[in-house]
Amino acid sequence: REYDILPSYYIFGGILFVPLTENYLDTWGEWTKAPVELVNFAMKGEVTDEQDQVVVLSSVLADDINMGYQNLRYSSVKTVNSKKIKNLKDMIGKIEGIKTGFIEIVFEDNNKIVLDVEKARQSSTGILQRYRIDSDRSADLKK
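Residues numbered from 1 in each chain as written. Predicted model: local features only at pLDDT ≥ 70, side-chain atom pairs only at ≥ 80, totals over all residues. Heavy atoms only, no water.

> Would you explain the overall build of the chain in this entry?
Summing up its helical and strand segments, the chain has four helices and seven strands in all. Each helix and strand of the chain, placed in order from N terminus to C terminus, yields the pattern β-β-α-α-β-β-β-α-β-β-α. Based on the C-alpha atoms only, the size of the chain along its principal axes is roughly 40 × 30 × 30 Å. The burial tally for the chain puts 41% of its 143 residues in the buried class. For the chain, long-range pairs separated by at least 24 residues make up 59% of all intrachain contacts whose partners lie at least 6 apart in sequence. Summed over all atoms, the accessible surface of the chain reaches about 8,500 Å², with 49% contributed by carbon and sulfur. (Helix = DSSP H or I, 4+ residues; strand = E, 2+ residues; numbered from the N terminus. Buried < 20%, exposed > 50% of the residue type's maximum accessible area, 1.4 Å probe, protein only. Contact = heavy atoms within 4.5 Å. Areas by Shrake-Rupley, 256 points an atom, 1.4 Å probe, with all protein chains shown as cover.)

Below is the structure:
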């Protein structure tokens, strides 16, 4: 549980990623209404050197770049281009390290998102403006 801080988030290609926290699970009112996979991670997940934070696809901000993925949500990220992620900051580094080609984000439920990296970056400004979001990431994740 976090107190007195704004939530962390990152948006890439209109896809909103957040860390799994008790505060996030509280948005369902009762944890029994939250997705079972996320509650299990929160209750039984272990912090390891390889992963100290679960990253969740919270929602998809609809745009041409992410067409077909709008119904995906509440899934925890397993890999970015076949590389496991440690936390949200690590995931951002992996995404930003990909300069051309495609990015494949695979989730624990084996769903995946594949986006053209250059097109996703180009669409970012328009998506943020449309949804009236100031930045693609929260202040704690700024470079």
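Resuming the write-up.
> Can you help me understand the pattern of salt bridges in this one?
Here the idea is simple: oppositely charged side chains can pair when their charged atoms come close. Enumeration according to the criterion identifies five salt bridges in this entry. For the salt bridge of Arg130 with Asp63, the shortest nitrogen-to-oxygen distance reads 3.0 Å. Taken as a pair, Arg130 in helix α4 (residues 117–130) and Asp63 in the loop between β3 (55–60) and β4 (75–80) lie far apart in primary sequence, 67 residues in all. For Arg137, the salt bridge is made with Glu96, and the minimal N-O distance between the two is 2.4 Å. Here Arg137 is found in the segment after α4, whereas its partner Glu96 is found in helix α3 (residues 88–96), with 41 residues between them in sequence. Residues joined in a network through salt bridges with shared partners are Glu96, Asp136 and Arg137. (Salt bridge = Lys/Arg side-chain N within 4 Å of Asp/Glu carboxyl O.)

> Would you mind going over the side chain of Asp63 with me for this structure?
Using a relative accessible area of 15% as the deciding quantity, one classes Asp63 as buried. Reaching out from Asp63, the side chain makes a polar contact with the side chain of Arg130 at a distance of 3.0 Å. The contacts of Asp63, once residues within four sequence positions are left out, are Gln70, Ser123, Ile127 and Arg130. (Polar contact = N/O pair within 3.5 Å; in protein donor to acceptor, adjacent residues only side chain to side chain.)

> Looking at this structure, I do not really get the pairing of strand β6 (residues 102–107). What am I missing?
Two faces make up the sheet, and in a regular strand the side chains alternate between them. Across three bridges, β4 lies against β6 in antiparallel orientation. Bridging across to β6, Val80 finds its partner in Ile105. Both β6 and strand β7 (residues 112–116) contribute to a ladder of five bridges, which runs antiparallel. When the bridges of β7 are listed, Glu104 appears paired with Val114. Taken together, β6 and the strand that follows it, β7, pair antiparallel across an intervening segment of four residues, in which Asn110 is found at a positive phi of about 70 degrees. (Pairing = 2+ DSSP bridges.)

> Sorry if this is basic, but what is going on with the environment of Tyr69 here?
Secondary-structure assignment places Tyr69 in the loop between β3 and β4. C-alpha separation for the pair Tyr69 and Ile113, spaced 44 residues apart in sequence, amounts to 7.2 Å. Excluding residues that lie within four positions of it along the chain, Tyr69 makes contacts with Val60, Lys112, Ile113, Val114 and Leu115.

> Would you mind going over the side chain of Ser75 with me for this structure?
Secondary-structure assignment places Ser75 in strand β4. With sequence-adjacent residues up to four places away left out, Ser75 is seen in contact with Val55, Val56, Leu57, Phe107 and Asp109.

All quantities given are derived from atomic positions and should not be read as evidence of function.
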